[in-house]
Amino acid sequence: MSDPAKTRRHAERVRELVASLVREIKDPRLGMVTITDARITGDLREATVFYTVLGDATEQASTAAALESAKGMLRSRVGHALGLRHSPSLAFSLDNVQENVKEIDDLLAAARLRDQEVQRLAAGKKYAGDADPYRSEEPEEDDAGEAERVGAREDVG
């Protein structure tokens, strides 16, 4: 088992290598692909490469087929570049960044609408009590009262 820092470095290197090697693939099915991340197991035997594709579902499917057919070439080139005893087997996984971004944008828009509604309802309203509910009601003691208490304590002793 290798240390986590070494595993992260190898995963980053796999991502960089696959991203550069994808440009060399001459498959017409390969669309506008971006390699977003790579993760590798602790024993450095299996790597998962995450990618996104610009386009619809048919372009995503054809790009997945092109990457699957080029997997052998990519594995041998990555293994040679990493200099490991065993080349890591590659698995490709579609990273749905566009769908996640759309979902987050929708959630933010809904939150913005709720905030505007709360601000509209709160406009012109007053607090039910004091604006500062933690204000103390005790009067401020002056220095003369403090001196009298100190003098009384000295007389007792």
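Read on for an overview of the structure.

1. Some remarks on the pairing of strand E2 (residues 46-54)
For step 1, the next point in the chain: The sheet contact formed by strand E1 (residues 32-40) and E2 spans 8 bridges and is antiparallel. Each bridged residue has a counterpart across the sheet, and for Met32 the counterpart in E2 is Leu54.
For step 2, the next point in the chain: As consecutive antiparallel partners, E1 and E2 are separated by 5 residues, and within that stretch Leu44 has a phi angle of approximately 60°, a positive value.
For step 3, the next point in the chain: Across 6 bridges, E2 lies against strand E3 (residues 89-94) in parallel orientation.

2. Section: the packing of aromatic side chains
For step 1, the next point in the chain: The tally for this structure, following the rule as stated, stands at 1 aromatic pair.
For step 2, the next point in the chain: Centre to centre, the rings of Tyr51 and Phe92 are 6.4 Å apart; their planes meet at 75°, and the pair counts as edge-to-face. Placement of Tyr51 in strand E2 and of Phe92 in strand E3 is noted, with a sequence separation of 41 residues between them.
For step 3, the next point in the chain: Judged by relative accessible area, Tyr51 falls into the buried class, the value being 4%.
For step 4, the next point in the chain: Accessibility expressed as a relative area gives 18% for Phe92, which makes it buried.

3. Considering the pattern of salt bridges
For step 1, the next point in the chain: A full pass over the atoms with the stated rule returns 8 salt bridges.
For step 2, the next point in the chain: Where Glu24 meets Arg77, a salt bridge forms, and the shortest distance between an N and an O atom there is 3.1 Å. One end of the pair, Glu24, is in the loop between helix H1 (4-22) and E1; the other, Arg77, is in helix H3 (residues 71-82), and 53 residues separate them in sequence.
For step 3, the next point in the chain: A residue is classified by how much of its surface remains accessible, and Glu24, at 40% relative accessible area, is partly exposed.
For step 4, the next point in the chain: By relative accessible area, which is 39% here, Arg77 ends up partly exposed.
For step 5, the next point in the chain: A salt bridge links Arg29 to Asp27; the shortest N-O distance between them is 2.8 Å.
For step 6, the next point in the chain: Judged by relative accessible area, which is 38%, Arg29 ranks as partly exposed.
For step 7, the next point in the chain: A residue is classified by how much of its surface remains accessible, and Asp27, at 17% relative accessible area, is buried.

4. Here's the deal with the environment of His10
For step 1, the next point in the chain: By the element assignment, His10 lies in helix H1.
For step 2, the next point in the chain: Each C-alpha atom of the pair His10 and Leu44 lies 8.0 Å from the other, and the pair is 34 residues apart in sequence.
For step 3, the next point in the chain: Other than its neighbours up to four places away in sequence, His10 contacts Ile40, Leu44, Leu82 and Leu84.

5. Let's talk about the sheet that holds E3
For step 1, the next point in the chain: If you walk across this open sheet you meet the 3 strands as E1-E2-E3, and the pairing is mixed. Two strands close off the open sheet at either side, each with one partner strand: E1 and E3. Sheet twist, expressed as the average angle between the axes of neighbouring strands with direction ignored, equals 30°.
For step 2, the next point in the chain: Packed onto the sheet, helix H2 (residues 57-69) meets E1, E2 and E3 and runs at close to 145° relative to E2.

6. What to know about unusual backbone geometry
For step 1, the next point in the chain: Located in the positive-phi region is Leu44, a residue other than glycine, with phi close to 60°.
For step 2, the next point in the chain: Structurally, the position occupied by Leu44 is in the loop between E1 and E2.

The rules we used
Residues numbered from 1 in each chain as written. Predicted model: local features only at pLDDT ≥ 70, side-chain atom pairs only at ≥ 80, totals over all residues. Heavy atoms only, no water. Pairing = 2+ DSSP bridges. Helix = DSSP H or I, 4+ residues; strand = E, 2+ residues; numbered from the N terminus. Phe/Tyr/Trp six-rings, centres within 6.5 Å; stacked < 30°, edge-to-face > 60°. Buried < 20%, exposed > 50% of the residue type's maximum accessible area, 1.4 Å probe, protein only. Salt bridge = Lys/Arg side-chain N within 4 Å of Asp/Glu carboxyl O. Contact = heavy atoms within 4.5 Å. Axes fitted to C-alpha atoms, helices over the stretch in contact; angles between N-to-C directions.

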